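# Analysis of the macromolecular model
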Amino acid sequence: LTGKVMQATPGKRKTILVGKCVYEANRQNPHIQEMIPVKGCPPDPMAAFKALRQAGIEVGPEFYENRDMVQEVHMKKYRGKGEFDEAFFTVT
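Every value quoted in this text rests on a predicted model; they were computed, and no experiment measured them. (Residues numbered from 1 in each chain as written. Predicted model: local features only at pLDDT ≥ 70, side-chain atom pairs only at ≥ 80, totals over all residues. Heavy atoms only, no water.)

The next subject is helix α2 (residues 45-54). P45, A48, F49, A51 and L52 are the residues of α2 that are buried. Down the axis of α2, the buried side of the element spans an arc of 165 degrees, and every buried residue falls inside it. If you check the start of α2, you find a side-chain oxygen 3.3 Å away from the backbone N of M46, and it comes from D44. Backbone geometry just after α2 places G56 at a positive phi near 90 degrees. (Buried < 20%, exposed > 50% of the residue type's maximum accessible area, 1.4 Å probe, protein only. Helix = DSSP H or I, 4+ residues; strand = E, 2+ residues; numbered from the N terminus. Arc of directions from axis to C-beta. Polar contact = N/O pair within 3.5 Å; in protein donor to acceptor, adjacent residues only side chain to side chain.)

Next up, the structure:
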């Protein structure tokens, strides 16, 4: 799950929470059997890679190797929005 409004679906064995907002919104959700959190805003790509692997989802190394592209895509969706202040974020 990602984003502020997403909620866990009942009956799923594992739930990956990607990002601070979705973690805060679902950390007490009784529908989550096994929570795999990827905290941070934006979330760390290597942590997301490890979470996917922990959930049994095979992801190739290109997922992590191209992390600069992932972070830039993630940040673009917030650019220009009033509640987003770029001073709090950097792409490294």
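From this point on, the discussion continues.
Bringing the side chain of N26 into the picture now. Secondary-structure assignment places N26 in helix α1 (residues 20-26). Accessibility expressed as a relative area gives 0% for N26, which makes it buried. From its side chain, N26 meets the backbone nitrogen of A8 in a polar contact 3.2 Å long. Ignoring anything within four residues of it in the chain, the contact list for N26 reads L1, M6, Q7, A8, L17, I32 and M35. (Contact = heavy atoms within 4.5 Å.)

Next up on the list: the nonpolar core. Judged by nonpolar contacts, I16, I36, V38, A48, F49, A51, L52 and V59 together constitute the single largest core of eight residues. Those elements that place two or more of their residues in this core are β2 (34-38) and α2. Take this core: its biggest share by element is four residues, from α2. Listed in part, the five residues of the second largest apolar core include A8, L17, V22 and Y23. (Core = buried A, V, L, I, M, F, W, Y, C linked by side-chain atoms within 4.5 Å.)

On to the pattern of salt bridges, then. Enumeration according to the criterion identifies two salt bridges in this entry. Two residues, R27 and E24, come together in a salt bridge whose shortest N-O distance is 3.4 Å. With a closest N to O distance of 3.7 Å, R53 and E58 form a salt bridge. On the basis of relative accessible area, R53 is assigned to the partly exposed category, the value being 39%. (Salt bridge = Lys/Arg side-chain N within 4 Å of Asp/Glu carboxyl O.)

Here the focus is the pairing of strand β1 (residues 14-18). Sheet topology places β1 next to β2; five bridges connect them, and they run parallel. In the strand pairing of β2, V18 is matched with V38. Traced from β1 through α1 to β2, the parallel crossover comes out right-handed. (Pairing = 2+ DSSP bridges. Right-handed = clockwise from strand over helix to strand, strands pointing away.)

Our next topic: the environment of F49. Along the chain, F49 falls in helix α2. For F49, a relative accessible area of 14% puts it in the buried group. In the structure, F49 is positioned 13 residues away from E62 in sequence and 10.0 Å away in space, judged by C-alpha atoms. The residues touching F49, leaving out its near neighbours within four places in the chain, are V59, G60, P61 and F63.

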